[in-house]
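Residue-level structural notes
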Amino acid sequence: MTSTPDLAPADPPAPGTAPDLPGSPVALWKPAPAPRGSGPRKTSRHPYRAALSTARARTGLVLVGAVVLAGLLAPLIAGHGPTDQSGLSLAAVGTPGHPLGTDDLGRDLLSRVLYGIRADLGIIAVAVPVGAALGCLFALAAAAHPVLDTLVQRIFDLILAFPGLILALAVTAILGPGRLPVVLVIALAEIPAFGRLLRGGILVQREREYVTAARVGGSSGPRVLVRHILPNAADPLVVQVAVSLTVAVFIEGAMSFLGVGVRPPEPTLGSVLSQSMPYLAQAPHFAAGPLITVTALVLGLSLIAEALNREVRR
């Protein structure tokens, strides 16, 4: 005679409920337990902090930070003024008193590169925010009315119709060489980038369900735009800032290289590089300083932009 295993009695059903019999509708409709990891993904409350903590972004921050710090500390690091001349023309690297040598006029290259960084950073620190602010204002105007939207788009098309070099030459011909024309050219070049990016984000977010719910709840148009649409449409602008800083470095360098930028003898990275061109074979170290500096700055900004872009697209 075989023994049967002891079966524990089942718990009685709660009062007012039917027992879950096999094949009963109650048993069939009972939801299965959720598998592990199927819940909502936990997102960081500080996405930009997470993006800047990656190895790619840290490398970019180190490169940009080193260049910026060198420019800010130029008066303390440089042993000479950027326009001080000595009797040593095209002195080699390692010459006493001139670690990077001198240029064709006997000016210390280390001092000119450091003060050139200061000039470049001052220009792009003004030009990019001005271009970003104007582009965002145009985008907000475009979101206000369809007629303004059409007008703003034609303004963007007009700016983009001018090649960068032609635009730089036209502004310089009107205002003359100096810092102001460089700032205006960079700002004008950045207006369509920020304007179109924010306009596209507003158009996408305006069709979201949470915007419709806010409008049904009685929120006015400006309140919906400021409280709901703009915070969700502004993330790509952070990436665009890093990209625009990179573009601004190239624009300033190109204008100074062509002689339509900052007036000499004030140094910029582009002007120092332009002055070194006739002496590349005789004194290659002449161009090494500005080339390495521009490469480090552009590479660092590109790495930061890439890290931010990956976080925004997640």
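These numbers were taken from a predicted model, which means no experiment stands behind them. (Residues numbered from 1 in each chain as written. Predicted model: local features only at pLDDT ≥ 70, side-chain atom pairs only at ≥ 80, totals over all residues. Heavy atoms only, no water.)

Details of empty space enclosed by the protein
Rolled over the atoms, a probe as big as a water molecule pinpoints where empty space is left. Our working rule: The method works on a 1 Å grid over the protein atoms by themselves. A cavity is a set of points holding a 1.4 Å probe that cannot get out, a pocket is an open set with protein on both sides within 12 Å along at least five of seven lines, and residues with an atom within 4 Å of a point line them. Grid points are joined across faces, edges and corners, and a volume is the space filled by probe spheres set on the points. Elements are defined by DSSP. Helices are runs of H or I of four residues or more, strands are runs of E of two residues or more, and each kind is numbered from the N terminus. Side-chain classes follow a simple rule in which Ala, Val, Leu, Ile, Met, Phe, Trp, Tyr, Cys and Pro form the nonpolar group, Asp, Glu, Lys and Arg form the charged group, and the remainder, Gly included, forms the polar group.
All told, the structure shown has 1 cavity of 30 Å³ or more when counted by the stated rule. Quantified by volume, the largest cavity comes out at close to 40 Å³. Every residue lining the largest cavity is listed: Ala139, Ala142, Ala143, Asp149, Arg199, Ile202, Leu203 and Arg206. Mapped by element, the contributors of at least two residues to the lining of the largest cavity are helix H5 (109-144) and helix H8 (179-205). Residue classes in the lining of the largest cavity are distributed as 5 nonpolar, no polar and 3 charged.

Re the packing of aromatic side chains
Heads up, the rule is: Classification of ring pairs uses Phe, Tyr and Trp, with its six-membered ring standing for Trp, and accepts pairs whose centres are within 6.5 Å; under 30 degrees between planes counts as stacked, over 60 as edge-to-face, and the remaining range as tilted. Relative accessibility decides the category of a residue: with a 1.4 Å probe and only protein chains considered, values under 20% of the type maximum give buried, values over 50% give exposed, and everything between is partly exposed.
Evaluation of the coordinates by the stated rule reveals 2 aromatic pairs. Pairing Phe138 with Phe156 gives two aromatic rings, centres 5.9 Å apart and planes at 80°, and the pair type is edge-to-face. Within this pair, whereas Phe138 is found in helix H5, its partner Phe156 is found in helix H6 (residues 146-161), the two being separated by 18 residues in sequence. Residue Phe156 is classed as buried on the basis of its relative accessible area, which comes to 0%. Between Tyr279 and Phe286, the ring centres sit 6.0 Å apart and the planes meet at 25°, which makes this aromatic pair stacked. By relative accessible area, which is 1% here, Phe286 ends up buried.

Remarks on the confidence of the model for the chain
What counts here: pLDDT expresses, on a scale from 0 to 100, how confident the predictor is about each individual residue. Residue contacts are counted whenever heavy atoms from the two residues lie within 4.5 Å of one another.
Averaged over every residue, the pLDDT of the chain is 82; the share at 70 or more is 84%. The lowest-confidence element of the chain is helix H1 (residues 25-29), averaging 43 in pLDDT; the highest-confidence one is helix H3 (residues 55-72), averaging 94. Low pLDDT, under 50, characterises residues 1-5; the predicted model gives this stretch 0 contacts beyond four residues in sequence or across chains. Below a pLDDT of 50 lies the segment residues 20-44, which in the model reaches 8 contacts outside its immediate sequence neighbourhood of four places, other chains included.

Considerations on the nonpolar core
What counts is decided by this rule: Put simply, buried Ala, Val, Leu, Ile, Met, Phe, Trp, Tyr and Cys residues joined by side-chain atoms within 4.5 Å make one nonpolar core.
Ile117, Ile186 and Met255 are the most contacted members of the largest nonpolar core, which totals 36 residues. Elements represented by at least two residues in this core include exactly H3, H5, helix H7 (164-175), H8, helix H11 (235-258) and helix H13 (285-312). Here this core takes 9 residues from H5, the largest share from any one element. Ile186 has contacts with Ile123, Ala127, Val128, Ala248, Ile251 and Glu252, leaving out every residue within four places of it along the chain. Core analysis: the second largest hydrophobic core is formed by 13 residues, Cys136, Ile202, Val211 and Leu225 among them.

A closer look at unusual backbone geometry
Glycine aside, the phi torsion of most residues is negative, and most peptide linkages are trans. Here the residue pair Pro264 and Pro265 is connected by a cis peptide bond, since its omega of 10° sits within 30 degrees of zero. Relative to the helices and strands, Pro265 resides in the loop between H11 and helix H12 (269-276). A positive phi angle is found at Leu90, which is not glycine, with a value near 55°. Relative to the helices and strands, Leu90 is located in the loop between helix H4 (74-77) and H5.

What to know about H3
Note the following rule: Helix span, expected: 1.5 Å multiplied by one less than the number of residues in the helix.
For H3, with 18 residues, the first-to-last C-alpha span of 25 Å sits near the 26 Å given by 1.5 Å per residue. Turning to H3, its buried residues number three or more, namely Ala57, Gly60, Val64, Val67, Ala70 and Gly71.

Re the environment of His98
Note on placement: His98 falls in the loop between H4 and H5. Along the backbone, His98 and Ser111 are 13 residues apart, and their C-alpha atoms lie at a distance of 8.9 Å. If sequence neighbours within four positions are ignored, His98 has contacts with His80, Ser86, Leu88, Ala92 and Asp108.

Some words on the packing of H6 against H8
Helix packing for two helices is described by the angle between their axes and how far apart those axes are. Inclusion rule: To get an axis, a line is fitted to the C-alpha atoms, and for a helix only the part in contact is used. The angle between two axes follows their N-to-C directions and goes from 0 to 180 degrees. Here a crossing is called left-handed whenever its near helix is offset anticlockwise from the far helix by less than a right angle, and right-handed whenever the offset is clockwise.
At a minimum axis separation of 9 Å, H6 and H8 run at an interaxial angle of 140°. Where H6 crosses over H8, the handedness of that crossing is left-handed. Here Asp149, Gln153, Phe156, Asp157, Ile159 and Leu160 of H6 lie close against H8, whose contacting residues are Leu188, Ile191, Pro192, Gly195, Arg196 and Arg199.

Some points on the pattern of salt bridges
Counted only if it meets this: A side-chain nitrogen of Lys or Arg and a carboxyl oxygen of Asp or Glu constitute a salt bridge if their distance falls within 4 Å.
Counting across every chain of the model gives 7 salt bridges. A salt bridge links Arg196 to Asp157; the nearest nitrogen and oxygen atoms lie 2.6 Å apart. Here Arg196 is found in helix H8, whereas its partner Asp157 is found in helix H6, with 39 residues between them in sequence. The class of Arg196 is partly exposed, set by a relative accessible area of 37%. The partner of Arg310 in a salt bridge is Glu306, with the nearest N and O atoms 3.2 Å apart. Of this pair, Arg310 and Glu306 both sit in helix H13, 4 residues apart, which is roughly one turn of that helix. The class of Glu306 is partly exposed, set by a relative accessible area of 30%.

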